[in-house]
Amino acid sequence: MSANRLIYSRRFLPFFLTQAFGAFNDNVFKNALMLMLAFTAANALPWDTDLTMNLAAGLFILPFLLFSATAGTLADAMCKTKLIRALKLLEIGLMLLAGAAFYYEQYLLLLGVLFLMGSQSAFFGPVKYAILPQLLDDKTLLSGNAWVEMGTFVAILLGTIVGGLLVGVANAPIWIGAVVIVFSVLGYLVSRNIPLVGEVHQADPFKFAPWQQTKAAVSISYQNRTLYLSIMAISWFWFLGAGYLTQFPNFAKTVLGGDNTVVTALLVAFSVGVGAGSMLCERLSGDKVELGIVPVGALGLTIFGISLFFSSPASITTELLSLSQFLATGLGWKVLFDLLFIGIFGGLFIVPLYALLQQRAEPQQRARVIAANNIFNALFMVVSALAGILFLSVLDLAIPEYFLVLAIMNAVIALYVFSQVPEFAVRFVIYLLSHTMYRVTSRGLEHIPAEGAAVLVANHVSYVDALLIGGAVRRPVRFVMEKAIYDLPVANWLFKAARTIPICSKQKNEVVYEAAFVAIKRELDAGNLVCIFPEGRLTKTGEMDSFRPGIERILAETPVPVVPMALQGLWGSFFSHHGSGAFKFKGRLWSKVGLVANAAIAAEAANAMTLEQEVRQLYQDSVESKRV
């Protein structure tokens, strides 16, 4: 299903609108309150404005630290649709209380409502992301996340702007109260159309124990290193985003020499960028969660973060510039351009990571994994505020210099995460290959089991066969590869990162030969996919060689289904043996490649001869279809 069709689907649209209305309402309420506390209520509270503003920010974020784990446990234990509806009903009650507090100008009560709204948002966060895998299939999961991220940032932007505008109108408290009440009611009514998803089997029963549940949620996130480092990467983005957003007012005033309209333009550029990047991620990924885009996002965040440092003017005028005057300076458009692309690459960075959390987390623990993510997100935003104080106040850096530090830190942290989880780097190389030198189309990959062990067998044409197959198949694949190819300089680190299994003939090295079969059995016993090239070597003629009997030993030791596959269009490409008997970096620099799979064959019915015939037939069929 395409992104455009998904947004109109009855299974997704009500959920999308529910979360968008909620994000909009949160920010109308929060921004209107913050502005009233800063101006209207400056003398109505028994402490200074700076303390009030920091207290308000802390009251909203504190519930995410206190209750996220409890929220995740609750979401795992019950029907997520029913929980969303209950939370939206609670929002109506809170907004009625807020409306009354605005009307009677009860600012202490409004601070209490702010804490309660933060609590409601903390309970909504885990269920918002955990319900997506139950509403969508794997093909639309990333698209759904793209829409959610885009909708959230646009709703935040619109809510912030509307909240600011409402403060300036006559009878502002009445209008603010009316808007938040109306949108809370709309959110509940729309939530009534979200399909019931039912409870997840084997989920733990719910009990209210915030501290124990926080420790348990964090512990669950530690169990899978890939998920844990993905959470750290997402949290780093929130650190980075908070670092930029917090400095926008002072950056606009003291560095750019702009007034409040320039601040709004900076916020719009960043928010629109994240929304656009989220949707671009869906277009670039196709219909699968493509982790290869994450390094692209990280690279862009660093490049345009550094560019923003160089976009700051050397001096400013004494009188603050309006937006039109700021844009006329020449650097104005460049600053907005940099922020737009920081947002775009931020969207490319986080959307696949959110989809990864949802896809790889155990269903009965999914909401708690999201809750752990929310806890770390909140902690990183607190640390971001402390980092701003350290660099700007203690170390006395200028704001552009602080942005440069953030860009460099982003590069260091991204390199660390990618070195610890090589899957990101592997998928990045695969993505580059499949979108530059090769254009891969696939057919029949639905025959590959969605879960559980299986062996994939394919013909062997080029040095990049494994990368192209790995890029097309949704699940991670462990490849068995001729040791001579595995040991190629430069490529070796990539094969190691992909946990490729090297093999050679028994006569050449019996130790390597036996170790390969031990590794294959271990991977299959763990429920993974293993891909082998039974010809045992690259073709030097473009024709398939006979299949060796090693596949029969694999199936005898671990009986699993076998999926026959054929690669077509690679002969004569840059990484094939075409034109000589040795690899000499020659041939086409661009190739259109076909990958076709057939129905799985049971282990007892599979042998080298049968599988060879299947793969030959698939290869010939694909060749004939191409000719037609």
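Structure first, text after, so check above.
Since this is a predicted model, take the numbers as computed values, not measurements.

Asker: Looking at this structure, how should I read the sheet that holds strand E2 (residues 454-458)?
Answerer: Hydrogen bonds along the backbone pair up the strands of a sheet, which may run parallel or antiparallel. Taken in spatial order, the seven strands make up an open sheet running E1-E7-E6-E2-E5-E3-E4, and their pairing is mixed. Each of the sheet's edge strands pairs with one partner strand only, and the pair in question is strand E1 (438-443) and strand E4 (501-503). Taken pair by pair, the neighbouring strands of this sheet meet at an average axis angle of 25 degrees, ignoring direction. Bridge analysis of E1 against strand E7 (residues 591-597) gives six bridges, and the strand direction is parallel. When the sheet's bridge partners are listed, Ser442 is paired in E7 with Leu595. Across the face of the sheet, helix H21 (residues 510-525) comes into contact with E2, strand E3 (477-482), E4 and strand E5 (529-532) while running at roughly 150 degrees to E4.

Asker: Is there a simple way to explain unusual backbone geometry in this structure?
Answerer: Most peptide bonds take the trans form, and the phi angle of most residues other than glycine is negative. In the Ramachandran plot, Glu105 falls in the positive-phi region, its phi being about 55 degrees despite a non-glycine side chain. Considering the arrangement of structural elements, one finds Glu105 in the loop between helix H4 (80-103) and helix H5 (107-130). A residue is classified by how much of its surface remains accessible, and Glu105, at 44% relative accessible area, is partly exposed.

Asker: Would you take a moment to explain the packing of helix H7 (residues 138-167) against helix H11 (residues 260-285) for this structure?
Answerer: In a packed pair of helices, the relevant descriptors are the angle between the two axes and the axis-to-axis distance. Contact geometry for H7 and H11: axes closest at 8 Å, N-to-C directions at 170 degrees. The orientation of H7 relative to H11 falls into the category roughly antiparallel. Here Leu142, Ser143, Ala146, Trp147, Glu149, Met150, Phe153, Leu157, Thr160 and Ile161 of H7 come into contact with H11, specifically with Leu267, Val268, Phe270, Ser271, Val272, Val274, Gly275, Ser278, Met279, Cys281, Glu282 and Ser285. When the residues that make up the contact of H7 with H11 are grouped by side-chain class, the tally is 14 nonpolar, six polar and two charged.

Rules behind the numbers
Position numbers for residues start from 1 in each chain and track the written sequence from start to end. Confidence filtering applies because this is a predicted model: local features only for residues at pLDDT of at least 70, side-chain atom pairs given and counted only at 80 or more, and all residues used for totals across whole chains, interfaces and linings. Remark: hydrogens and water are excluded; side-chain values derive from all non-hydrogen atoms of the structure. One requirement defines pairing of two strands: DSSP has to find at least two bridges between them. Numbering of helices and strands runs from the N terminus, with a helix taken as a DSSP run of H or I at least four residues long and a strand as a DSSP run of E at least two residues long. Axis lines are fitted through C-alpha atoms, for helices just across the contact stretch, and the angle between N-to-C directions can take any value from 0 to 180 degrees. The contact definition used throughout considers only heavy atoms, calling two residues in contact when any of these lie within 4.5 Å. Throughout this description, buried means an accessible area under 20% of the type-specific maximum (1.4 Å probe, protein chains only), exposed means over 50%, and partly exposed covers the range between. Throughout, the term roughly parallel applies to angles under 35 degrees, roughly antiparallel to angles over 145, roughly perpendicular to angles from 65 to 115, and oblique to all others. Put simply, Ala, Val, Leu, Ile, Met, Phe, Trp, Tyr, Cys and Pro go in the nonpolar bin, Asp, Glu, Lys and Arg in the charged bin, and everything else, Gly too, in the polar bin.

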